[in-house]
Amino acid sequence: TISVGPNPVRIPAGVRSGNRMYVNGSMITVDVTPHPKFKRSGDDLLLEVTVTAFEAILGVEVEVKHINGNKLKFKFQPGTQVGQVIKLSGKGMPNTEVDNHYGDLLVKCNVTIPKLSDDVRSALAANYASRKTIEL
């Protein structure tokens, strides 16, 4: 709800920038401030989540605060690849023109390589010592 003059105006969930509304006989144009984490594409929401290489290899459960304020849990399965996208159906933005229709939440996996201590790096290197050359 925002104030337009002396009157409060309810902006419906899912409204897009550029949508126009009539308020007390005057037309206003909505300008939606971008969210710092979620990007919008139509009714879909796009989110990038960064996990460690080990989490991508082994799989990991992720909990995020959804744009609506609720907590949302999902899993990156073992072997998740860099850039892989998982779709959470119906977890996007509501469509203001179609009742009970929501877009999807598309979560892209980013992977970061952790810095390892010399001991851990040596132990890992010993396990992969037989593969010094990659033949293509």
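The structure under discussion appears in the preceding block.
Residues numbered from 1 in each chain as written. Predicted model: local features only at pLDDT ≥ 70, side-chain atom pairs only at ≥ 80, totals over all residues. Heavy atoms only, no water.

Enquirer: Just give me the short version of the overall build of the protein chain, but keep the residues and values in it.
Expert: Per the secondary structure count, the protein chain includes 2 helices and 10 strands. Counted from the first residue to the last, the protein chain has its helices and strands arranged as β-β-β-β-β-β-α-β-β-β-β-α. In terms of C-alpha radius of gyration, the protein chain reaches 22 Å, well past the compact-globule figure of 14 Å for 136 residues. The burial tally for the protein chain puts 25% of its 136 residues in the buried class. In the protein chain, of all internal contacts separated by at least 6 residues, the share reaching a separation of at least 24 is 43%. Of the accessible surface of the protein chain, which amounts to about 10100 Å², a share of 51% is contributed by carbon and sulfur atoms. (Helix = DSSP H or I, 4+ residues; strand = E, 2+ residues; numbered from the N terminus. Rg over C-alpha atoms; globule rule 2.2 N^0.38 Å. Buried < 20%, exposed > 50% of the residue type's maximum accessible area, 1.4 Å probe, protein only. Contact = heavy atoms within 4.5 Å. Areas by Shrake-Rupley, 256 points an atom, 1.4 Å probe, with all protein chains shown as cover.)

Enquirer: Give me the pattern of salt bridges: which residues, what numbers.
Expert: Under the defined criterion, the tally for this structure stands at 6 salt bridges. The closest approach of N and O atoms between aspartate 43 and arginine 16, which form a salt bridge, is 2.5 Å. On the criterion of sequence distance, the pair formed by aspartate 43 in the loop between strand 5 (39-41) and strand 6 (44-52) and arginine 16 in the loop between strand 2 (7-9) and strand 3 (20-23) is long-range, its members being 27 residues apart. Note that lysine 73 is salt-bridged to glutamate 63, the shortest N-O span being 3.8 Å. Taken together, the residues lysine 73 in strand 8 (residues 71-76) and glutamate 63 in strand 7 (residues 60-65) connect sequence positions 10 residues apart. Looking at lysine 73, the relative accessible area reads 53%, which means it is exposed. Each of Arg16, Arg40 and Asp43 takes part in one network of salt bridges that share partners. (Salt bridge = Lys/Arg side-chain N within 4 Å of Asp/Glu carboxyl O.)

Enquirer: I'd love a proper account of the environment of lysine 39, names of residues and values included.
Expert: Position of lysine 39 relative to the elements: it lies in strand 5. Along the sequence, lysine 39 and leucine 105 sit 66 residues apart, while their C-alpha atoms lie 9.9 Å from each other. The contacts of lysine 39, once residues within four sequence positions are left out, are Asp44, Leu45 and Leu46.

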